[in-house]
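A closer look at the structure
Okay, here's what each chain looks like letter by letter:
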Amino acid sequence: FPTRRSSDLIDLPAWRSSLNTLQQWRPRSLAVTHFGAFEDAEHQLAALREHLDEVEAWAAEGDEASFVARLRERAGAGAGDRAGAYVQALPAEQSYQGLRRYLSKRDAA
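Residues numbered from 1 in each chain as written. Predicted model: local features only at pLDDT ≥ 70, side-chain atom pairs only at ≥ 80, totals over all residues. Heavy atoms only, no water.

**Examining the packing of helix H1 (residues 12–25) against helix H2 (residues 41–61)**
Where H1 meets H2, the axes come as close as 10 Å, and the angle between the chain directions of the two elements is 165°. Here H1 is positioned roughly antiparallel relative to H2, judged by the angle of their axes. Where H1 crosses over H2, the two elements pack in a sense that is left-handed. From H1, Leu12, Trp15, Arg16, Leu19, Asn20, Leu22 and Gln23 reach across to H2, where they touch Leu45, Leu48, Arg49, Leu52, Asp53 and Glu56. Classifying every residue of the contact of H1 with H2 by side-chain character gives 7 nonpolar, 2 polar and 4 charged. (Axes fitted to C-alpha atoms, helices over the stretch in contact; angles between N-to-C directions. Helix = DSSP H or I, 4+ residues; strand = E, 2+ residues; numbered from the N terminus. Parallel < 35°, antiparallel > 145°, perpendicular 65-115°, else oblique. Left-handed = near helix turned anticlockwise from the far one by under 90°. Contact = heavy atoms within 4.5 Å. Nonpolar A, V, L, I, M, F, W, Y, C, P; charged D, E, K, R; others polar.)

And the structure:
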């Protein structure tokens, strides 16, 4: 996830801004580190935007165990042969901790 400064683990507004920029470029394909190339760029960007909304809500409303279970279930169901790469590149426990830290800082501001 993009960060603003070294003390932030996850910066959801930066992710969303990056997605907007990519969408404005109208790419025909995306080559995603660890996951290969995709010819359906518009679909991939929309799916990532939806996923960011989901994981933000999961982290806000649940505990770490439920977040990890949901993310692992989602990765296993939708990633096919890329599930292992997804879990390795983005450990669910670290994602939860980073999102909770982001949400705490955002809510305190």
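**Looking at the packing of H2 against helix H5 (residues 92–108)**
Taken N-terminus to C-terminus, the directions of H2 and H5 make an angle of 75°; their axes are 9 Å apart at the nearest point. Compared by their axis directions, H2 and H5 come out roughly perpendicular. Every residue of H5 that contacts H2 at Val55, Glu56, Ala59 and Ala60 is listed here: Tyr96, Leu99, Arg100, Tyr102, Leu103 and Arg106. Its residues placed into classes, the contact of H2 with H5 shows 7 nonpolar, no polar and 3 charged.

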